[in-house]
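Listed below, chain by chain, are the residues.
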Amino acid sequence: MTTADPTALPAAPGAAAAATRPARKLSGRLGVGSIVFMVIAAAAPLTVVGGGFPVGALLGDGVGAPTMYLIGGAILLFFAVGLSTMSNYVPRPGAFFTYVGYGLGRPLGLAAAWLAILTYTTVQVAVYGYVGAVLNSYIVSLHGPELPWWLYSLAMVAIVGLLGYRHIELSGKVLGVFLICEIGVVLVLAGAVVATGGAEGLSAAPFHPANVMSGAPALALMFALAGFIGFESTAIYRDEAKDPQKTIPRATYASLIIIAVFYTFASWALVIGIGPSHLMSELAKDPSAFIGTVTAQYLGAAGGWVVNTLMITSMFACVLSFHNVITRYQHSMSNAAVLPGALGKVHAKHRSPHASSLVQTITAAVLMIAFALFHLDPVLQVFTWFSGISTFAIVVLMGLTCLAVITYFAAKKIKAGAWRTWIAPVIGFLGLAAVAVIIAQNFPLLIGDADAKGNPVFGTLTVTFLALMAAFPVFGIVQALVIRAKNPDAYQNVIDTISTIEE
């Protein structure tokens with residue numbers, strides 16, 4: 001039985017009646033394992049290890065890059081403490097926008113909501129673009145026809161939309177199968193490297209301070225943190241969890257720890273597999289082919305083919321997971337009366353936010369078509385540009401959430417332990433603030449806006465994207481103020497979604 005939070009924001013008149021409408025209430029019995037599967041799949045482990053790590057090492061600190069996953073995981077662990085604590089005292093499924101709204105006020109709550117929509121939409125379309133290019137190359141390598149990348153992307157959008165329309169447990173099963181396969185092949189590769197002793201012998205070179213601080217460690221940390229996007233989405237599944245008071249915190253910690261350990265171990269194995277002294281020269285040839293080169297060396301040509309195949313399924317699992325996250329954000333925002341009411345409907349049979357899922361599918365398809373019409377490169381432009389936006393936005397969102405946790409428990413004078421309510425959140429906020437500054441300084445490099453010497457330049461492209469990112473939270477603040485002026489009762493209930501229903 002889940003009861004309403006006694007510290008909740010006051011509900012508007014009529015909220016109780018709205019809350020009793022079962023057609024707008026998500027439900028389910030997701031356990032820790034199912035949620036962890038979806039969250040880790042959203043992080044796309046093989047895509048990060050095979051795509052993000054090589055680029056991060058090449059542009060960052062080279063041999064020391066694996067350590068950045070540990071550092072990034074440590075920073076996010078402090079964030080996770082506050083996130084998990086907040087999930088128990090504010091039992092709502094809105095995650096970022098709900099927690100920021102309760103801690104920092106409704107206007108900033110709506111700002112966080114719109115920034116979250118931007119974050120997950122941009123990372124999803126970035127991967128859609130990348131997977132379109134990879135699928136085209138993959139089909140051609142199998143002597144198939146060469147087709148425009150966007151046709152493959154649109155096909156992927158359609159498949160994801162079909163699964164997202166149905167019950168969430170179906171998505172969980174699909175993601176579970178893909179996740180096991182991609183993690184399995186990486187562990188087999190790492191095992192082969194360890195068993196053979198690697199190219200130059202097993203060593204802790206990636207963890208030596210001199211290597212960690214070499215080159216541009218800030219860039220390496222930036223790419224490492226990008227690999228964690230999605231782990232924080234556990235709270236989105238609160239209404240569909242078996243025992244949310246226990247399931248959500250456990251799933252959050254489990255997801256973060258598994259991701260951090262896996263990334264660190266897998267990237268260490270790749271460095272040792274190629275040899276620390278040969279890493280940079282091999283990466284310079286083609287970072288996207290790096291994992292295939294190492295795999296072929298230790299597992300043969302067949303192993304290389306398996307890795308290339310699973311890279312595609314990894315990206316599919318990624319976009320499916322983010323589709324589920326976005327549809328639930330839209331569902332929660334609809335029930336908070338900041339998006340059209342139709343998006344809050346739940347399918348009578350599948351118990352899914354089917355209307356929200358359809359809207360998200362159409363949005364992704366329209367963006368893919370727009371990218372094609374503008375002749376954007378799926379990797380160098382679609383993937384790179386929108387990955388940069390999502391990385392910056394997610395760090396800002398996490399920092400706001402840490403502040404919200406600190407403010408909420410201080411204002412409510414709730415005794416939940418100093419460690420959980422302000423010590424860990426403060427440390428997490430300071431770490432995330434430092435990362436945000438680093439990303440801001442290097443943001444032009446993320447989207448390829450640099451001068452002839454490779455130095456970041458805040459040119460037209462950079463300013464345009466930063467303005468776009470700022471426009472979303474600003475819209476949320478303005479929307480909150482408009483609602484407050486036109487309908488004070490609705491404003492009082494804007495963050496307090498219908499998850500106050502007793503189950």
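For the protein, the name recorded in an unreviewed UniProt entry is APC family permease, with Gryllotalpicola koreensis as its organism. Quoted verbatim from the Subcellular location (unreviewed entry) heading of the UniProt record, the comment on the protein is "Membrane".

1. Observations concerning the overall build of the protein
Each helix and strand in the protein was counted, giving 18 helices and zero strands. Relative to its 503 residues, the protein shows a buried fraction of 57%. In the protein, the share of contacts with a sequence separation of at least 24, taken over all contacts with a separation of at least 6, comes to 81%. Put simply, the protein shows about 18,800 Å² of open surface, and 71% of that area lies on carbon and sulfur atoms.

2. Description of helix α6 (residues 106-141)
Relative to the 52 Å expected for 36 residues at 1.5 Å per residue, α6 spans 52 Å between its end C-alpha atoms, a close match to the ideal helical length. Burial runs high along α6: 29 of the 36 residues are buried. Just past α6, the residue H143 takes up positive phi, approximately 70°.

3. Observations concerning the side chain of S357
Its place among the elements puts S357 in helix α14 (residues 354-373). Not counting the four nearest positions on each side in its chain, S357 is found in contact with G161, G164, Y165, H323 and T327.

4. Some points on the side chain of T391
When you line up the elements, T391 lands in helix α15 (residues 378-412). Apart from residues lying up to four places away in sequence, T391 is in contact with M222, A226, I229 and I439.

5. Comments concerning a nonpolar patch on the surface
Side chains of L187, V194, L202 and F265 sit close together on the surface and give an oily, nonpolar patch of about 310 Å² of accessible area. You can see V194 is positioned in helix α8 (residues 168-196). Of the residues examined, V194 reaches a relative accessible area of 35% and is grouped as partly exposed.

6. Section: the packing of aromatic side chains
In the structure shown here, the tally under the stated rule is 15 aromatic pairs. Look at Y130 and F383: their rings are 4.6 Å apart centre to centre, the planes differ by 55°, and that puts the pair in the tilted class. Linking Y130 in helix α6 with F383 in helix α15, this pair joins segments that are 253 residues apart in sequence. For F383, a relative accessible area of 26% translates into the label partly exposed. Three or more aromatic residues link up through ring pairs in this structure, and these residues are Y69, F228, F262 and Y263. The residue whose ring lies beneath R106 is Y491, and the NZ or CZ to ring-centre distance is 5.3 Å. When the ring centre of Y491 is taken as origin, the NZ or CZ atom of R484, which lies over that ring, is 5.7 Å away.

7. Some remarks on helix α10 (residues 217-226)
In terms of burial, α10 is a largely internal element, seven of the ten residues being buried. Those residues of α10 that sit buried are P217, L219, A220, L221, M222, A224 and L225.

8. Overview of the layout of surface pockets
Approximately 1,400 Å³ is the volume attributed to the largest pocket. Along the wall of the largest pocket there are 49 residues; nearest its centre are G51, V55, Y130, V379 and F383. Where the lining of the largest pocket is concerned, the elements lending two or more residues are α2 (32-43), α3 (45-59), α6, α10, α13 (290-335), α15 and α16 (418-446). It is α6 that contributes the most residues to the lining of the largest pocket, nine residues altogether. The class makeup of the residues in the lining of the largest pocket is 32 nonpolar, 16 polar and one charged. The space that makes up the second largest pocket amounts to roughly 270 Å³. Together, 17 residues line the second largest pocket, and I117, L118, T121, T363 and F472 are the ones closest to its centre.

9. Quick notes on the packing of helix α4 (residues 65-89) against α10
It is at 9 Å that the axes of α4 and α10 come closest, and there the two elements cross at 60°. In terms of axis orientation, α4 runs oblique to α10. Relative to α10, the crossing made by α4 is right-handed. Residues M68, Y69, I71, G72 and L76 of α4 form the contact with α10, whose participating residues are P217, A220, L221, A224 and L225. For the contact of α4 with α10, the class distribution of residues is nine nonpolar, one polar and no charged.

10. Let's talk about unusual backbone geometry
Its identity is not glycine, yet H375 carries a phi of approximately 55°, on the positive side. Relative to the helices and strands, H375 resides in the loop between α14 and α15. One non-glycine residue with positive phi stands out, namely K413, at about 55°. Relative to the elements of secondary structure, K413 occurs in the loop between α15 and α16.

11. Re the pattern of salt bridges
Using the criterion set out here, one finds one salt bridge in the structure. In this structure, E282 and K285 form a salt bridge, with 3.4 Å as the shortest nitrogen-oxygen distance. With E282 and K285 both in helix α12 (residues 279-285) and three residues apart, this pair spans about one turn of that helix. Overall, the relative accessible area of 63% leaves K285 in the exposed class.

12. Digging into the confidence of the model for the protein
Per-residue pLDDT for the protein averages 81, and the proportion of residues at 70 or more is 85%. Mean pLDDT values over the elements of the protein span from 39, in helix α1 (residues 15-19), up to 94, in helix α9 (residues 209-212). Contacts of residues 1-24 to residues separated by more than four positions or lying in other chains number 52 contacts, the stretch itself having pLDDT below 50. Low pLDDT, under 50, characterises residues 497-503; the stretch is placed with 29 contacts to residues that sit more than four places away or in other chains.

Cut-offs and rules
- Residues numbered from 1 in each chain as written.
- Predicted model: local features only at pLDDT ≥ 70, side-chain atom pairs only at ≥ 80, totals over all residues.
- Heavy atoms only, no water.
- UniProt positions renumbered as here; feature names shortened; annotations may be inferred.
- Helix = DSSP H or I, 4+ residues; strand = E, 2+ residues; numbered from the N terminus.
- Buried < 20%, exposed > 50% of the residue type's maximum accessible area, 1.4 Å probe, protein only.
- Contact = heavy atoms within 4.5 Å.
- Areas by Shrake-Rupley, 256 points an atom, 1.4 Å probe, with all protein chains shown as cover.
- Expected span 1.5 Å × (residues − 1).
- Patch = residues over 30% accessible without salt bridge, like charges linked within 9 Å, V, L, I, M, F, W, Y side chains within 5 Å.
- Salt bridge = Lys/Arg side-chain N within 4 Å of Asp/Glu carboxyl O.
- Phe/Tyr/Trp six-rings, centres within 6.5 Å; stacked < 30°, edge-to-face > 60°.
- Lys NZ or Arg CZ within 6 Å of the ring centre and 35° of its normal.
- 1 Å grid on protein atoms, 1.4 Å probe; cavity = no way out; pocket = protein on both sides within 12 Å on 5 of 7 lines; lining within 4 Å.
- Points joined across faces, edges and corners; volume = space filled by probe spheres on them.
- Nonpolar A, V, L, I, M, F, W, Y, C, P; charged D, E, K, R; others polar.
- Axes fitted to C-alpha atoms, helices over the stretch in contact; angles between N-to-C directions.
- Parallel < 35°, antiparallel > 145°, perpendicular 65-115°, else oblique.
- Left-handed = near helix turned anticlockwise from the far one by under 90°.
- pLDDT = per-residue confidence, 0-100.

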